[in-house]
Amino acid sequence: MTTTNIPTRHLGELAVSAQGLGCMGMSHAYGESDDTQSIATINHALDLGVSLLDTSDFYGAGHNEELIGRAIAGRRDEVVLATKFGFANALGEPTVIRGDAAYVREACDASLRRLGVDHIDLYYQHRVDPEVPIEETVGAMAELVTAGKVRHLGLSEASAATIRRAHAVHPIAALQSEWSLWTRVLEDEIAPVCRELGIGLVPFSPLGRGFLTGRYTSAKDLPESDMRRSQPRFADGNLEQNLTIVKKLDELAAEKGVSAGQLALAWVQHRGADVVPIPGTRRQKYLEENLGALAIELTTEELTAIDAAAPTGQIAGTRYDEASMTFVDG
């Protein structure tokens, strides 16, 4: 049975469910895939009132878009479909970023084919191409809007200066970047610029790649092929320090009668009415748990206590390895 009790929030002029579903892990980065399980979870999310589904041509070298296309066949009108372009060799290793106009057009057409749809609701540049003026990239994206292939435009991991330049070419509906209790780089400059310009915020990894749920106490808990094994925050030494944050979250969550993950996600949801996090999961159990965070009300005192449990200066390790950090717009 479909429910509509999930609140609506806006990314620019685009109305979406107040929490979306990040689909990356269904095809990419977090161990083996299970298409049957993933499709069931996507459909369960739609049944529960989630509208925003997030993917990229990079995830699983195109597999994730194809998976979502299969999952939403017959339900397209229930979905706000977001995908991304930018890793030019998405069918290989992510070593080249392209934002030139020709590539923008080529990537969009390829995504439409894989998704099996005639338009994309929210089209993001996955990473900013440092060699191509953002005006060229967004200009080409704007042409896709005119052609009816795309409805709204977004950026991912873009700096405040890039966001301003992009928005001057065509309205940007959303910025998708990492934001959680252990990644708060948006707060000083980027989020205020987005709010000045009316751009919505879509935090990915709002649960710290699952770490803030407390389910992982060692890198050995992760599958051999899991990318988190190579990330600095999960490395020996850093992980132990970061676990002290999870312990404090657990204590606060127990007082509230919720899980640590729900508390961390509720904290993100409370960042503002323009914030739409996209926690990812392949499992219906965790989907339902994540959606439960929408019902959690946090007082000013509780928010202060959560902030104190995860002070920004005490997070050990960078959020990506050195090579991956080079793809983040400075």
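If you're wondering where the values come from, they're calculated on a predicted model, not measured in any experiment.

**Q** Could you give an account of helix α6 (residues 190-197), with specific residues and numbers?
**A** Taken together, the buried positions of α6 are occupied by Ile190, Ala191, Val193 and Cys194. Axial view of α6: buried residues confined to an arc of 160°, hence all on one face. Residues of α6 that are buried sit in contact with α5 (160-169), β8 (172-178) and β9 (200-204). Remark: Gly198 follows α6 within two positions and exhibits a positive phi of approximately 75°.

**Q** An account of the pairing of strand β7 (residues 150-156) is requested, with residue identities and associated values reported.
**A** Burial analysis of β7 places five of its seven residues in the buried class, which makes it a mostly covered element. Sheet analysis places strand β6 (residues 120-125) next to β7, joined by five bridges and oriented parallel. Bridge pairing in β7 links Tyr124 to Gly154. In terms of handedness, the path from β6 via helix α4 (residues 134-146) over to β7 forms a crossover that is right-handed. Two strands pair when backbone bridges link them, and β7 and β8 are joined in this way by four bridges, in the parallel orientation.

**Q** Outline the sheet that holds β8, listing residues and values.
**A** Read from one edge of the open sheet, seven strands run β3-β4-β5-β6-β7-β8-β9, paired in parallel fashion. Every interior strand has two partners, whereas the edge strands, β3 (21-22) and β9, have only one. Of the strands in this sheet, β4 (52-54) and β5 (80-85) touch helix α2 (residues 63-72), which is tilted by about 150° from β4.

**Q** Describe the nonpolar core, listing the residues and the values that go with them.
**A** Of all hydrophobic cores here, the largest spans 81 residues; its most connected members are Leu21, Ile42, Ile72, Ile163 and Leu175. Every residue in contact with Leu21, bar those within four places of it in the chain, is listed here: Met26, Ile42, Ala45, Val50, Leu52, Leu53, Asp54, Ile278, Pro279, Thr281 and Leu287. Of all hydrophobic cores here, the second largest spans 14 residues; its members include Leu52, Val80, Ala82 and Leu122.

**Q** I'd love a proper account of the side chain of His119, names of residues and values included.
**A** Within the secondary structure, His119 sits in the loop between α3 (101-115) and β6. Side chain to side chain, His119 and Asp118 meet in a polar contact 2.8 Å long. Within polar-contact distance, the side chain of His119 engages the side chain of Arg151 at 3.5 Å. Setting aside residues up to four positions removed in sequence, His119 forms contacts with Arg76, Leu112, Gly148, Lys149 and Arg151.

**Q** How would you summarise the packing of α2 against α3 if you had to cite specific residues and measurements?
**A** Where α2 meets α3, the axes come as close as 7 Å, and the angle between the chain directions of the two elements is 45°. One way to sum up the angle between α2 and α3 is to call them oblique. Counted together, Glu65, Glu66, Ile68 and Gly69 of α2 and Ser111, Arg114 and Leu115 of α3 form the full contact between these two elements. Broken down by class, the residue content of the contact of α2 with α3 amounts to two nonpolar, two polar and three charged.

**Q** Any details on the packing of aromatic side chains? Residues and values, ideally.
**A** For the structure shown, the criterion picks out three aromatic pairs. An angle of 35° between the planes, with centres 5.0 Å apart, marks the rings of Phe85 and Tyr123 as tilted. With Phe85 in strand β5 and Tyr123 in strand β6, the pair connects residues that are 38 residues apart, well separated along the chain. The ring centre of Trp267 lies 4.0 Å from the NZ or CZ of Arg271, which sits over that ring.

**Q** So what about the packing of helix α7 (residues 238-256) against helix α10 (residues 300-309)? Which residues, and what values?
**A** Running from N to C, α7 and α10 cross one another at 160°; their axes reach a closest spacing of 9 Å. Taken together, α7 and α10 sit at an angle that is classed as roughly antiparallel. The two elements α7 and α10 meet at a crossing, and its hand is right-handed. Of α10, the residues touching α7 (which contributes Ile245, Lys248, Leu249, Leu252 and Lys256) are Glu302, Ala305, Ile306 and Ala309. Within the contact of α7 with α10, the residues separate by chemical class into six nonpolar, no polar and three charged.

**Q** Account for the environment of Ile72, with residues named and values stated.
**A** By the secondary structure assignment, Ile72 is in helix α2. Along the primary structure Ile72 and Asn43 are separated by 29 residues, whereas in three dimensions their C-alpha atoms are 7.5 Å apart. With sequence-adjacent residues up to four places away left out, Ile72 is seen in contact with Ile42, Leu46, Leu53, Val79, Leu81 and Val117.

The rules behind the values
- Residues numbered from 1 in each chain as written.
- Predicted model: local features only at pLDDT ≥ 70, side-chain atom pairs only at ≥ 80, totals over all residues.
- Heavy atoms only, no water.
- Buried < 20%, exposed > 50% of the residue type's maximum accessible area, 1.4 Å probe, protein only.
- Helix = DSSP H or I, 4+ residues; strand = E, 2+ residues; numbered from the N terminus.
- Arc of directions from axis to C-beta.
- Contact = heavy atoms within 4.5 Å.
- Pairing = 2+ DSSP bridges.
- Right-handed = clockwise from strand over helix to strand, strands pointing away.
- Axes fitted to C-alpha atoms, helices over the stretch in contact; angles between N-to-C directions.
- Core = buried A, V, L, I, M, F, W, Y, C linked by side-chain atoms within 4.5 Å.
- Polar contact = N/O pair within 3.5 Å; in protein donor to acceptor, adjacent residues only side chain to side chain.
- Parallel < 35°, antiparallel > 145°, perpendicular 65-115°, else oblique.
- Nonpolar A, V, L, I, M, F, W, Y, C, P; charged D, E, K, R; others polar.
- Phe/Tyr/Trp six-rings, centres within 6.5 Å; stacked < 30°, edge-to-face > 60°.
- Lys NZ or Arg CZ within 6 Å of the ring centre and 35° of its normal.
- Left-handed = near helix turned anticlockwise from the far one by under 90°.

These results come straight from atomic positions and should not be treated as a statement about function.
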